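Overview (structure and organization)
So the chains spell out like this:
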Amino acid sequence: MAMRTLLLVSILLTAGPCPAGSWGSVSSGLDMSILDWEHGSQVSWGFRSTFGLRLVDHLYLNATATIPAPTLVIIGNQLCWGGGVSYIPLYPDEGFALKTSLGVSRCCMWPEHVIVILADGETAEPPPVHSFDWADGLRLEGLVSLGYKWEDLALWLDLGVDRRDMEVERTVLGESTRGDFDFTGAHVGLSIEVFL
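Residues numbered from 1 in each chain as written. Predicted model: local features only at pLDDT ≥ 70, side-chain atom pairs only at ≥ 80, totals over all residues. Heavy atoms only, no water.

**Observations regarding the state of the cysteines**
This is how the line gets drawn: Any two cysteine sulfur atoms lying within 2.5 Å of each other are counted as a disulfide. Relative accessible area decides the class of each residue, using a 1.4 Å probe on protein chains only: under 20% of the type maximum gives buried, over 50% gives exposed, and in between gives partly exposed.
On inspection of all chains with the given rule, the structure shows one disulfide. There is no disulfide at Cys 108, and the cysteine sulfur nearest it, in Cys 107, is 6.7 Å away. Relative accessible area serves as the criterion here: at 22%, Cys 108 is assigned to the partly exposed category.

Okay, here's the thing in structure tokens:
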């Protein structure tokens, strides 16, 4: 009898801190930022996937990755991987809801939005001129997501600020140069989230 009581108390003490309801979430959607920098503007976008673990209440620890569409034609122009935290402070159970999130990631980006892998051959047209060839660095973002949440599903409109400290390679007067530049701008995205 004492052993059963001790086992029951141990189970209750172990289960006490565990959050009720969902233990995690998976989301997918569009990740797009309109960035300004010293040499103009840049629209960087891709398709974001996020896996989140519920810490407590409606606070999640997330791992994120943004990639172009993985096809023979590369659709999108950024590759990012990192993490962050998100919290649903308003109407977390069902109805119109609000989610806030902060994230940091390593990010690579390039100017072309669509790259055809299998080309028909050489063309007589001159190559397009871009303000940079590629950029690699750290991305910080803060988002506010507005949407509608059901018990196990949510649709979000993501709005926020995107700040990037990037090492940029540029071609200036036919010569390749590198330098550090800051990109700052607005983030806009759409996502669907499933709670597990």
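**Topic: the nonpolar core**
Note that soluble globular proteins tend to have their nonpolar side chains buried in a common cluster. Spelled out, the test is: Here, nonpolar core refers to any group of buried Ala, Val, Leu, Ile, Met, Phe, Trp, Tyr and Cys residues whose side-chain atoms link them within 4.5 Å. Here a residue-residue contact requires only that any non-hydrogen atoms of the pair lie within 4.5 Å.
Counting residues in each nonpolar core, the largest one holds nine residues, listed as Leu 35, Trp 37, Met 109, Phe 132, Ala 135, Met 166, Val 168, Phe 181 and Phe 183. With sequence-adjacent residues up to four places away left out, Ala 135 is seen in contact with Cys 107, Cys 108, Met 109, Met 166, Glu 167 and Val 168. The next biggest cluster of nonpolar side chains, apart from the first, holds six residues, and it includes Ile 88, Ala 97, Ala 154 and Trp 156.

**Here's the deal with the pattern of salt bridges**
We apply this condition: For this document, the term salt bridge refers to a Lys or Arg side-chain nitrogen within 4 Å of an Asp or Glu carboxyl oxygen. Per the convention used, a helix needs a DSSP run of H or I reaching at least four residues, while a strand needs a run of E reaching at least two, with both numbered from the N terminus.
Under the definition given, this model contains 11 salt bridges. One salt bridge connects Asp 136 with Arg 106, and the closest N-O pair in it is separated by 2.7 Å. With a gap of 30 residues between them, Asp 136 in strand β8 (residues 134-149) and Arg 106 in strand β6 (residues 95-109) connect regions that are remote in the sequence. Its relative accessible area of 17% is what places Asp 136 among the buried residues. You can call Arg 106 partly exposed: its relative accessible area is 39%.

**Comments concerning the pairing of β6**
The criterion, for reference: A pair of strands is treated as paired once DSSP finds two or more bridges between them.
Pairing analysis gives 11 bridges linking strand β5 (residues 78-90) to β6, with the strands arranged antiparallel. Its bridge partner being in β6, Gly 84 is matched across the sheet by Gly 103. Counting the residues that bridge the hairpin from β5 to β6 gives four residues, and of these Tyr 91 lies at a positive phi of roughly 50°. Pairing of β6 with β8 involves 15 bridges; the strand directions are antiparallel. Looking across to β8, one finds that Phe 96 is bridged to Tyr 148.

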